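Letter by letter, the chains look like this.
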Amino acid sequence: MLNVRSLENEDYELVKEAEKVIEHNYRYGRHHIGAAVRSKSGRIFSAVHVEANVGRIAVCGEAMAIGKSISEGEHEFETIVAVAHPHPHEDIEQCWVVSPCGMCRELISDYGKDTDVIIMYNGELVKCNAWSCYRKSILVMSYK
Ligand SMILES: [Zn+2]
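Just so you know, these numbers come straight off a predicted model, no measurement behind them. (Residues numbered from 1 in each chain as written. Predicted model: local features only at pLDDT ≥ 70, side-chain atom pairs only at ≥ 80, totals over all residues.)

With that out of the way, let us pick up the pairing of strand E6 (residues 116-121). Walk down a regular strand and you will see the side chains alternate between the two sheet faces. Sheet topology places strand E4 (residues 77-84) next to E6; 2 bridges connect them, and they run parallel. Residue pairing in the sheet places Thr79 in a bridge with Asp116 of E6. In textbook terms, the turn of a hairpin is the stretch between consecutive antiparallel strands, and for E6 and strand E7 (residues 124-129) this stretch comprises 2 residues, one of which, Asn122, has a positive phi near 50°. (Pairing = 2+ DSSP bridges. Helix = DSSP H or I, 4+ residues; strand = E, 2+ residues; numbered from the N terminus.)

Here's what the structure looks like:
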């Protein structure tokens, strides 16, 4: 069982920023994930993932957002979230929060043992510590 906490207003704002960046930049087959990270000083950096024809070259939205933040001099992270944008052929109208992939869980916890990740858990948006989520994910491999 994950140790999760309720979202605060600023966390919902972070989700909105992740939605905004992918809503503005969605391209089928190129960009369908948006991510946003809030640094410890309160600045928000959002980015889309970069798809590639060869899957392993693709770069996740979380990595892009962390890279953007670091490039702007913000090296410590409070909270991060990623959302998926629906494709035109899907009967879904809104973005939804997605859990970080295994590589991102590792990356996020490399850069901040106390960074929180916003995830959907038991049908609810919650946040949990990236490091403990990552450690637990080694055992369960998915959020239930
Ligand atoms: Zn990832």
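On we go.
What follows concerns the nonpolar core. Core analysis: the largest hydrophobic core is formed by 32 residues, its most contacted members being Ala18, Ala35, Ala36, Val37, Ala65, Ile80 and Val81. Mapped onto this core, the elements with two or more residues apiece are helix H1 (9-25), strand E2 (33-39), strand E3 (44-48), helix H2 (61-71), E4, helix H3 (102-111) and E6. (Core = buried A, V, L, I, M, F, W, Y, C linked by C-beta atoms within 7 Å. Buried ≥ 20, exposed ≤ 12 C-beta atoms within 10 Å, placed from the backbone.)

Over its 17 residues, H1 extends 25 Å from the first C-alpha to the last, a length consistent with the 24 Å expected when each residue adds 1.5 Å. Burial in H1 covers these residues: Asp11, Leu14, Val15, Glu17, Ala18, Glu19, Val21 and Ile22. (Expected span 1.5 Å × (residues − 1).)

Right, let's talk about unusual backbone geometry for a bit. Although it is not a glycine, Asn122 adopts a positive phi angle of roughly 50°. Considering the arrangement of structural elements, one finds Asn122 in the loop between E6 and E7.

With that out of the way, let us pick up the packing of H2 against H3. Angle between the axes and distance between the axes are the two parameters that describe a pair of packed helices. Their axes nearest at 9 Å, the elements H2 and H3 cross at an angle of 25°. Relative to H3, the element H2 lies roughly parallel. Relative to H3, the crossing made by H2 is left-handed. Two secondary-structure elements touch here, H2 through Glu62, Ala63 and Ile66 and H3 through Cys104, Leu107, Ile108 and Tyr111. Classifying every residue of the contact of H2 with H3 by side-chain character gives 6 nonpolar, no polar and 1 charged. (Axes fitted to C-alpha atoms, helices over the stretch in contact; angles between N-to-C directions. Parallel < 35°, antiparallel > 145°, perpendicular 65-115°, else oblique. Left-handed = near helix turned anticlockwise from the far one by under 90°. Contact = placed C-beta atoms within 7 Å. Nonpolar A, V, L, I, M, F, W, Y, C, P; charged D, E, K, R; others polar.)

Time to look at the confidence of the model for the protein chain. Averaged over all residues, the pLDDT of the protein chain equals 91, while 92% of them reach at least 70. Of the regions scoring below 50 in pLDDT, residues 138-144 engages in 4 contacts with residues more than four places distant in sequence or in other chains. (pLDDT = per-residue confidence, 0-100.)

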